[in-house]
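Fold and geometry: a report
What follows is each chain in one-letter form.
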Amino acid sequence: MIDWDGWRAVLLLARAGTLAGAATLLGVDATTAARRLRRLEASLALRLFERQGARLVPTAACLDLLPRLEQAERALAAAESAFEQGGGGPVRVLRVTAVAFLVDHLLAPALPRLLAGRRLRVELLADNRNLSMARREADLALRLGRPDVVHDAVQRLGTVTYAVYAGRGRDAGGLPWAALSDEQAHLPESRWTARAAGAQGIEHRANRFEALARMAEGGLVRVLLPDLLARAFPALVRVGEPVELEREAWLVGHPEDAGAPHVRAGVDWLAGLFRPES
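By the naming in an unreviewed UniProt entry, the protein chain is LysR family transcriptional regulator, taken from Stella humosa.

This is the structure in structure tokens:
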């Protein structure tokens, strides 16, 4: 019988370069990944990888096989897609992570567009730290800022714009500033507010944009907010001069998942959220 588990281990090990990396992509431990590889090599009487320092690199025989394995991977993804479009197949789970305000004010409201006509269950993971894609903590990540590593499953989607807001009818010029907490002082939003406040300084702080928005609604402060969040607070109005601050929104996925129908749907959905017509 064809050892699909073994061949998939070979394909992912060639991409990851280490058993630990391949195991993460497979969703198993390193011992299991190594066992699958040894079993396949034994059945073929062929060595597929050799060690070079800390990495495992494909042998010449393995390199000859890789294009066919990649072709088989694409064929299986196409078959899966056809099956699911025909109304069959399992309900897929798609895990998407982003900072909290993007989950609350961009992703969650747009979820019906993604779910329409699809057998899909979505987990929106709001986290102000960057969940590890290497450890498979999420399938897709929406990042504010260019990732350190850019590959085929990384793309720039657009920008998140900002403005200064205060409560409607307030004299914003006389209001003190509020900003994110000291733990978030490294963020561009915090640095911009610190510069704008100058010698006046920051009088109040909160660790979430929503709390800052509520403070501004009550007439206590003026705050710098993402425009997409501020739209959820009708008592807020833009004040002062236009703000020259934008943050790039980047999508990060797993290259080996690019052909999966539910991941492709998630990528198209996220990209659509940043198109002008959306």
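1. Here we look at the domain arrangement of the protein chain
Domain parsing of the protein chain yields domain 1 (4–84) and domain 2 (91–277). Centre-to-centre, using C-alpha coordinates, domain 1 lies 37 Å away from domain 2.

2. Regarding helix 5 (residues 100–107)
Of all eight residues that make up helix 5, six are buried, and the element is covered over most of its length. Within helix 5 the residues assigned to the buried category are Ala 100, Phe 101, Leu 102, Val 103, Leu 106 and Leu 107.

3. Topic: the nonpolar core
Counting residues in each nonpolar core, the largest one holds 61 residues, and the members touching the most others are Phe 101, Leu 102, Leu 107, Leu 142, Leu 212, Leu 225 and Leu 270. It is strand 6 (residues 154–167) that contributes the most residues to this core, seven residues altogether. Contacts of Leu 142, omitting those with residues within four sequence positions, involve Thr 97, Ala 98, Leu 102, Leu 106, Leu 107, Leu 157, Ala 249, Trp 250 and Phe 274. One finds Ala 9, Ala 33, Leu 37 and Leu 40 within the second-largest nonpolar core, a separate group that totals 19 residues.

4. Topic: unusual backbone geometry
Of note, Ala 45 is a non-glycine position whose phi angle comes to about 55°, a positive value. Counting through the fold element by element, Ala 45 comes out in the loop between helix 3 (30–44) and strand 1 (49–52).

5. Examining the pattern of salt bridges
The tally for this structure, following the rule as stated, stands at eight salt bridges. Note that Arg 156 is salt-bridged to Glu 248, the shortest N-O span being 3.3 Å. With Arg 156 in strand 6 and Glu 248 in strand 11 (residues 246–252), this pair connects stretches of sequence that are 92 residues apart. Overall, the relative accessible area of 42% leaves Arg 156 in the partly exposed class. For Glu 248, a relative accessible area of 31% gives the class partly exposed.

6. Looking at helix 10 (residues 261–272)
For an α-helix, 3.6 residues make a turn, and residues three or four places apart therefore share a direction. The first and last C-alpha atoms of helix 10 sit 16 Å apart over 12 residues, in line with the 16 Å expected at 1.5 Å per residue. With respect to burial, helix 10 is a largely interior element, 10 of its 12 residues being buried. The set of residues buried in helix 10 consists of Pro 261, His 262, Val 263, Ala 265, Gly 266, Val 267, Trp 269, Leu 270, Ala 271 and Gly 272.

7. Some points on the packing of helix 1 (residues 4–16) against helix 3
For the pair helix 1 and helix 3, the least separation of the axes is 8 Å and the interaxial angle reads 110°. Classified by the angle between their axes, helix 1 and helix 3 sit roughly perpendicular to one another. For helix 1 against helix 3, the interelement crossing comes out left-handed. Here helix 1 contributes Asp 5, Gly 6, Trp 7, Ala 9, Val 10 and Leu 13 to the contact with helix 3, which in turn contributes Arg 36, Leu 37, Arg 39, Leu 40 and Leu 44.

8. Quick word on the packing of aromatic side chains
Under the counting rule described, the total for this entry stands at two aromatic pairs. Ring geometry for Phe 101 against Phe 209: centres 5.2 Å apart, planes inclined by 85°, an arrangement best described as edge-to-face. Taken as a pair, Phe 101 in helix 5 and Phe 209 in helix 8 (residues 209–217) lie far apart in primary sequence, 108 residues in all. For the pair formed by Phe 101 and Phe 209, the shared burial category is buried. Each ring, one from Trp 177 and one from Trp 192, has its centre 6.1 Å from the other, and the planes form 65°; the classification is edge-to-face.

9. Looking at the environment of Ala 126
As for its placement among the helices and strands, Ala 126 is situated in strand 4 (residues 120–126). For Ala 126, a relative accessible area of 43% gives the class partly exposed. Residues Ala 126 and Leu 102, 24 residues apart in the sequence, show an inter-C-alpha distance of 8.1 Å. The residues contacting Ala 126, other than those within four sequence positions of it, are Ala 98, Ala 100 and Val 103.

Parameters and conventions
- Residues numbered from 1 in each chain as written.
- Predicted model: local features only at pLDDT ≥ 70, side-chain atom pairs only at ≥ 80, totals over all residues.
- Heavy atoms only, no water.
- Domains from an automatic or database assignment.
- Buried < 20%, exposed > 50% of the residue type's maximum accessible area, 1.4 Å probe, protein only.
- Helix = DSSP H or I, 4+ residues; strand = E, 2+ residues; numbered from the N terminus.
- Core = buried A, V, L, I, M, F, W, Y, C linked by side-chain atoms within 4.5 Å.
- Contact = heavy atoms within 4.5 Å.
- Salt bridge = Lys/Arg side-chain N within 4 Å of Asp/Glu carboxyl O.
- Expected span 1.5 Å × (residues − 1).
- Axes fitted to C-alpha atoms, helices over the stretch in contact; angles between N-to-C directions.
- Parallel < 35°, antiparallel > 145°, perpendicular 65-115°, else oblique.
- Left-handed = near helix turned anticlockwise from the far one by under 90°.
- Phe/Tyr/Trp six-rings, centres within 6.5 Å; stacked < 30°, edge-to-face > 60°.

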